[in-house]
Amino acid sequence: MTPQKIWENLKTLLRDNISKASILALGAYTLLSVVFTYPVAFSADKIPGDGGDAYQFLWFFWWFKEALTNLGVNPFSTSQIFYPSGTNLIFSTVTPLNSLISIPLQSTFGLVAAYNIIWLASFVLSGFGAFLLVRYLTKDPKAAFIAGVIFMFSPYHFAHALGHVNLMSIQWIPLYVLFLIKTVREGGVKNAIYAGVFLLFTAMSCYIYLVYLVIFTLICLLYHSWVKPTEIFNRRTLQNLGITGATFGLLFSPILYLFIKEYLGRGSNYMYQGGFVMYSADLCGFFIPAQFNPFFENIVAPIYQYFTGNMAEYTVFLGYATMLLALLAIIKFRTSETKFWLYSALIYLTLALGPLLHINGVVTIPVEGYTTTILLPYTFLMNVPIFSMARAPSRWTVLIVLSLAVLAGYGLSYLFNKFEGKYIRNCPLNYIFGIVITVFILFEFLAVPYPMSSASIPTIYGEIASDPDDYAIFEIPANTGVAQYMYYQTTHGKALVNGYASRTPESSLAFRQSTPLIRELTLLKDDVCDDIINQNASEVGIAVLNHYNIRYIVIHRNYLKKEELQFILPLVNRTLNSTPKTYEKDNIIVYRVDESAQKTFMILSDGWNALEKWNDGPGRWMRKNASIFIYSPEDQDCTLSFEVGSFHIERDLSLYVNNELTGTYHISKKGYPDNTPDEIQLNIHLNKGDNVVQFAVSQPGTIPSEVGAWNDDRELSLAFQNIRII
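These notes cover the structure that comes with them. These figures come from a predicted structure and were not determined experimentally.

1. Some words on the overall build of the chain
Part 1 of the reasoning: A tally of regular secondary structure across the chain gives 27 helices and 24 strands.
Part 2 of the reasoning: For a compact globule of 726 residues, the expected C-alpha radius of gyration is about 27 Å, and the chain comes in at 30 Å, within 12% of that figure.
Part 3 of the reasoning: C-alpha atoms of the chain, sized along the principal axes, occupy 100 × 65 × 60 Å.
Part 4 of the reasoning: Summing over all exposed atoms, the chain offers an accessible surface of approximately 31,300 Å²; the carbon and sulfur share of this is 58%.

2. Considering the sheet that holds strand 12 (residues 581-583)
Part 1 of the reasoning: If you trace the 5 strands from one edge of the open sheet to the other, you get 10-9-11-13-12, paired in mixed fashion. The open sheet is flanked by strand 10 (495-496) and strand 12, the only strands paired with a single partner.
Part 2 of the reasoning: Where helix 27 (residues 562-576) meets the sheet, its contacts fall on strand 9 (472-476), strand 11 (550-556) and strand 13 (588-592), and the angle it forms with strand 13 comes to roughly 20°.

3. Things to note about the packing of aromatic side chains
Part 1 of the reasoning: Under the defined criterion, the tally for this structure stands at 65 aromatic pairs.
Part 2 of the reasoning: Three or more aromatic residues joined by ring pairs form one cluster here, namely F36, W119, F123, F153, F158, F292 and Y450.
Part 3 of the reasoning: Lying over the aromatic face of F416, K142 brings its terminal NZ or CZ to 5.3 Å of the ring centre.
Part 4 of the reasoning: Lying across the ring of Y471, K494 places its NZ or CZ 4.9 Å from the centre.

4. Description of helix 20 (residues 397-419)
Part 1 of the reasoning: Look at helix 20: 32 Å from first C-alpha to last across 23 residues, which is about the 33 Å you get at 1.5 Å a residue.
Part 2 of the reasoning: In terms of burial, helix 20 is a largely internal element, 20 of the 23 residues being buried.
Part 3 of the reasoning: Downstream of helix 20 by a residue or two, G421 has a phi angle that is positive, lying close to 80°.

5. Quick notes on the pairing of strand 17 (residues 625-632)
Part 1 of the reasoning: Strand 17 sits mainly inside the fold: 7 of its 8 residues count as buried.
Part 2 of the reasoning: Judged from the 4 bridges that link them, strand 14 (residues 601-604) and strand 17 form a sheet pairing that is antiparallel. The residue bridging F601 from the neighbouring strand is Y631, located in strand 17.
Part 3 of the reasoning: Sheet analysis places strand 17 next to strand 23 (residues 689-697), joined by 8 bridges and oriented antiparallel. The residue bridging S632 from the neighbouring strand is G689, located in strand 23.

6. Looking at the sheet that holds strand 19 (residues 651-657)
Part 1 of the reasoning: Reading across the sheet, the 5 strands line up as 14-17-23-19-20 and stay open at both edges, with antiparallel pairing between neighbours. Only two strands of the sheet have a single partner each, and these edge strands are strand 14 and strand 20 (660-667). Across this sheet, the average inter-strand angle for adjacent strands is 20°, counted without regard to direction.
Part 2 of the reasoning: Each of strand 14, strand 17 and strand 23 is contacted by helix 26 (residues 537-547), which is oriented at about 70° to strand 14, the strand it contacts most.

7. Examining the packing of helix 3 (residues 53-71) against helix 4 (residues 96-109)
Part 1 of the reasoning: Two elements in contact, helix 3 and helix 4, have axes separated by 8 Å at closest approach and are oriented at 75°. The angle between helix 3 and helix 4 falls in the class roughly perpendicular. Each of F60, F61, W62, F64, K65, L68 and T69 in helix 3 lies in contact with helix 4, whose residues at this interface are P96, N98, S99, L100, S102, I103, Q106 and S107.
Part 2 of the reasoning: For the contact of helix 3 with helix 4, a count of residues per class yields 8 nonpolar, 6 polar and 1 charged.

8. Some details on the side chain of T244
Part 1 of the reasoning: The topology assignment puts T244 in helix 13 (residues 235-266).
Part 2 of the reasoning: You can call T244 buried: its relative accessible area is 6%.

9. Structural notes on a nonpolar patch on the surface
Part 1 of the reasoning: Nonpolar side chains collect at one region of the surface, where W226, V227, Y343, L346 and I347 lie side by side and expose about 490 Å² of accessible area between them.
Part 2 of the reasoning: Elements with a contribution of two residues or more to the nonpolar patch: helix 11 (207-227) and helix 17 (336-352).
Part 3 of the reasoning: If you tally residues by element for the nonpolar patch, the top one is helix 17, at 3 residues.
Part 4 of the reasoning: Here I347 shows up in helix 17.
Part 5 of the reasoning: The exposure class of I347 is partly exposed, given its relative accessible area of 34%.

10. Topic: the side chain of R519
Part 1 of the reasoning: Looking at the secondary structure, you find R519 in helix 25 (residues 518-523).
Part 2 of the reasoning: Residue classification places R519 among the buried residues on the basis of a relative accessible area of 7%.
Part 3 of the reasoning: For R519, the contacting residues outside a window of four places in its chain are R512, Q513, S514, D530, D531 and L611.

11. Considerations on unusual backbone geometry
Part 1 of the reasoning: A cis amide bond links Y83 to the next residue, P84, at an omega of 0°.
Part 2 of the reasoning: Going from I476 to P477, the amide bond is cis rather than trans, its omega being 5°.
Part 3 of the reasoning: The topology assignment puts P477 in the loop between strand 9 and helix 23 (482-492).
Part 4 of the reasoning: Phi angles above zero are rare outside glycine, and N587 is one such case at about 60°.

12. Considerations on the pattern of salt bridges
Part 1 of the reasoning: Applying the stated criterion across every chain yields a total of 13 salt bridges.
Part 2 of the reasoning: When the shortest N-O distance is used, the salt bridge between R185 and E337 registers 3.9 Å. Remark: E337 occurs in helix 17 and R185 occurs in helix 9 (residues 173-185); sequence separation between them is 152 residues.
Part 3 of the reasoning: Given a relative accessible area of 33%, R185 falls into the partly exposed group.
Part 4 of the reasoning: We note a salt bridge from D531 to R620, for which the minimum N-O separation is 2.9 Å. Taken together, the positions of D531 in the loop between helix 25 and helix 26 and R620 in strand 16 (residues 617-621) put the pair 89 residues apart, joining distant regions of the chain.
Part 5 of the reasoning: By relative accessible area, D531 is classed as buried at 10%.
Part 6 of the reasoning: Among the residues examined, R620 registers a relative accessible area of 11% and is labelled buried.

Criteria and cut-off values
Residues numbered from 1 in each chain as written. Predicted model: local features only at pLDDT ≥ 70, side-chain atom pairs only at ≥ 80, totals over all residues. Heavy atoms only, no water. Helix = DSSP H or I, 4+ residues; strand = E, 2+ residues; numbered from the N terminus. Rg over C-alpha atoms; globule rule 2.2 N^0.38 Å. Areas by Shrake-Rupley, 256 points an atom, 1.4 Å probe, with all protein chains shown as cover. Pairing = 2+ DSSP bridges. Contact = heavy atoms within 4.5 Å. Axes fitted to C-alpha atoms, helices over the stretch in contact; angles between N-to-C directions. Phe/Tyr/Trp six-rings, centres within 6.5 Å; stacked < 30°, edge-to-face > 60°. Lys NZ or Arg CZ within 6 Å of the ring centre and 35° of its normal. Expected span 1.5 Å × (residues − 1). Buried < 20%, exposed > 50% of the residue type's maximum accessible area, 1.4 Å probe, protein only. Parallel < 35°, antiparallel > 145°, perpendicular 65-115°, else oblique. Nonpolar A, V, L, I, M, F, W, Y, C, P; charged D, E, K, R; others polar. Patch = residues over 30% accessible without salt bridge, like charges linked within 9 Å, V, L, I, M, F, W, Y side chains within 5 Å. Salt bridge = Lys/Arg side-chain N within 4 Å of Asp/Glu carboxyl O.

In structure tokens form, the structure reads like this:
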């Protein structure tokens, strides 16, 4: 398709859907968004929301621009966080469409302004999209305008706008639904293509909304094939639906390829277990005003404290005016169209409630001395592949809101027709009613002033940014405030040992979990002999930092408890033997890592199970094969010593140093690691630089639960303790 043809199609789309009423509605939605999200539009040095995930999305925006315009690399993969391993971002909430849109905005207005513009645009466009949908269905612009207000300012939208840029991007959903319906009703290749494009926009904004719209489409087609079979089962409709699917599939195929490649390469879909019950909607939540509303905040806060999850997930208030208008539509319009939206709302309500019914935070019900629960369909659906991706059921609320907004549009259309030609003191009753109901809806959904978070960056990062050298920074605490550390990186540009992504492969976490000093400063635990590698973290720590080119350790005191600081500061002082620089205003302590003589150190690599505490010290089970990394500052001969025992059967252990077989040992069977293991000492040669020692067994591992040992489904072969170089 030529650029001229694309432009002609765009003009046709605008001409067919954008009227004078549409332009007025778009302008009104823009004005309302500025007013009813105050002070977002007037805050140049702040971002809307409670911080947290919002800083991560700022980083996504920055990284996409950096990757595509400066580095020319794949933006879905990065070594700027989780250094030195890096991570793949394809399964994370990168919201690619918003990130791409942000690039020219960043270049023109800066990162923070770009974020705020995209944030505000989600309100304007979601209202406008719902307006176009409801106007098409009801033929009533006034009703459609108010339906747009319901959708754009729904508490669900405000709740996820706290920091979930992907989930707040609801603006493309009504546009996809509009063109899907037009494709079924009217036919036309253009409608089918537009439906595919808006489905793509939805998927590229929020992957989980793609799942929701796939389910919506199936329900829509099944319903219409039941009530109007000829409307679905005809050649024209089936062909056009195929065009919609092909358009989406073709345009989404590069992203799908990256998904499949990463999934097959890692052998993991990154899906965290759990969350289905915790992040279910509470039945009471649909009827209780949101905590954002300054008039109801103190009244409803004591109720919300019993709800599970967090504010972003349990805020699902639907609005009394919306529900009453929807009820009116159901009573007055007994058509297949209104019944579809009613059934849709009920289906999504059932899904949003999750696997177990929550009523005011209560999940269990006592009955004659027994405790029971009310199981809902999600109990079974959560094990179905497509539903298993949606681990926060309350998010189905977005489709409840859309369904009710459409029904409210029908209800409003009925009332506007009823009031047609009637006046109060020469004022059309239509307009008086429209203004009153709009004001009431805005009052119900009020969230002014909207919470804001600082976008300022501590002084130290500006100083680091002025240093042209490439190196990494390690921020402490390692697991708190990480999204902010990533935001600070947008200024200094250096790699971060830290990292945060909604879906993180285990390999990206391995460096922090197994590297001496880094591990202790991550876990905030004792630095001597608390893993199977027996080495003093403070003695080898500076060698580790220099080897990996980690130039700064930045300690954020406001995130640390007193006892944690009392552990961290002596350890870092012993390791670096240097004087830190304190930034009192930012509550930050900064250590610069100087070059020093290198030392030999070891790091656990692949193939090890989680650390366990046994009677005689820390231990780890090996699976079938495992390895350790050894850095040596010079060529040297040394002795590798370790204690080992075999589970259930005797096994033969082969050791390889840099892929060369160095020794083979017969390891005796031990009943459990508490028994005295075999001690092995092996003379090895280490090359200058990086070395890899591999442990391999020829016999398969054993699963304890299958041999009646203990309840454990892991594959175990050998138990190791006290690995050291002597």
